[in-house]
Amino acid sequence: MSFLEEFQANLDSLPVILQKKYALLRDLDKSLQDNQRQNEQRCEQEIEDIRRGVRSGNITPNTSVIRFSDEALDEQKHSIRIADEKVALAVQAYDLVDTHIQQLDQYLKKFDEELRRERETAATAGMPAPGPDGNTKSGRGNESGRGGRKKTRQTTLVTATAAAAAAAEAQTTSANPAGMDLDLPVDPNEPTYCFCNQVSYGEMVACDNPSCKIEWFHFGCVGLKEQPKGKWYCSNCAATRNRRRGK
């Protein structure tokens, strides 16, 4: 079994595992909210009882002896335990996705090294350098892992944490699950694209200007919902082309 086949087999089970963790995370969150609401009501009632006792003279207004009941304190400790479980689940989900990303990064690094050696061998022999698909390819190269032009770019994993993110942003998303927000670390070696200068995610479109400095753009950043038909130019390159025509 090749690396990609093995990676795909492992990746197939990832959504189911993450779904179970997120379902448990939602259950814990609901339990935590219910527990906090009940304990807030208990504490408010105890505060009101203390106030009545002070006004009636049954309780001495000494802050060193006035305290919440043991039940209220135990409920608060229970809420903290639930919150800790939520954090642990979010970390597990992130680590699970991160492991798959690291495996894919290792394969891509190995693939890039093999491709570089093939190009060096081809250059030494005076033959055209092979493209990433094993065929010779003229025009712009495929450096920085940007892939062939005119192709839709997909995320490496699910978004991912995306996201991540994710749990990422702990609990990120529409882009981040259940509206939670985790601040996930970003690989500094990951190339960035688009006007937003962010890493590759979702669907992307390539500018047809061969001299475009950015080249790849996220659909959302350029107002696209589907792959454009025919040639497409980013706003910078389109403006440059219009100025040249105006001359």
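Residues numbered from 1 in each chain as written. Predicted model: local features only at pLDDT ≥ 70, side-chain atom pairs only at ≥ 80, totals over all residues. Heavy atoms only, no water.

A. Just helix α2 (residues 14–56), in detail. End to end, α2 covers 62 Å across 43 residues, agreeing with the expected 63 Å (1.5 Å per residue, within 8%). Within the sequence span of α2, burial applies to L14, L18, K21, Y22, L25, L28, L32, N35, N39, C43, E46 and G53. After α2 finishes, the residue G57 shows a positive phi value of roughly 90 degrees. (Helix = DSSP H or I, 4+ residues; strand = E, 2+ residues; numbered from the N terminus. Expected span 1.5 Å × (residues − 1). Buried < 20%, exposed > 50% of the residue type's maximum accessible area, 1.4 Å probe, protein only.)

B. Quick peek at the packing of aromatic side chains. Under the definition given, this model contains 3 aromatic pairs. Both rings, one in Y107 and one in F111, keep their centres 6.2 Å apart while their planes meet at 25 degrees; by these two values the pair is stacked. Placement of both Y107 and F111 in helix α3 (residues 70–125) is noted, with a separation of 4 residues, approximately one turn of the helix. A relative accessible area of 24% places Y107 in the partly exposed class. For F111, a relative accessible area of 26% gives the class partly exposed. (Phe/Tyr/Trp six-rings, centres within 6.5 Å; stacked < 30°, edge-to-face > 60°.)

C. A look at the pattern of salt bridges. This model, assessed by the stated rule, comprises 8 salt bridges. Between K30 and D34 there is a salt bridge, with the nearest N and O atoms lying 3.2 Å from each other. With K30 and D34 both in helix α2 and 4 residues apart, the pair spans about one turn of that helix. Across the salt bridge formed by R116 and E120, the nearest N and O atoms sit 3.2 Å from each other. With R116 and E120 both in helix α3, this residue pair falls 4 residues apart, about one helical turn. You can call E120 partly exposed: its relative accessible area is 44%. Among the ionic contacts, a cluster of salt bridges with common partners joins E48, D49, R51, R52 and R55. (Salt bridge = Lys/Arg side-chain N within 4 Å of Asp/Glu carboxyl O.)

D. Representation of the side chain of K21 in the model. Summarising the element assignment, K21 is placed in helix α2. The side chain of K21 sits in the buried core without any salt bridge; D95 is the nearest counter-charge, 9.5 Å away. (Lys, Arg positive; Asp, Glu negative; His and termini not counted.)

E. Representation of a negative patch on the surface in the model. Taken together, the side chains of D112, E113, E114 and E118 present a region of like negative charge at the surface. Along the polypeptide, E118 turns up in helix α3. (Patch = residues over 30% accessible without salt bridge, like charges linked within 9 Å, V, L, I, M, F, W, Y side chains within 5 Å. Areas by Shrake-Rupley, 256 points an atom, 1.4 Å probe, with all protein chains shown as cover. Charge placed at Lys NZ, Arg CZ, Asp CG, Glu CD.)

Geometry only, nothing functional implied.
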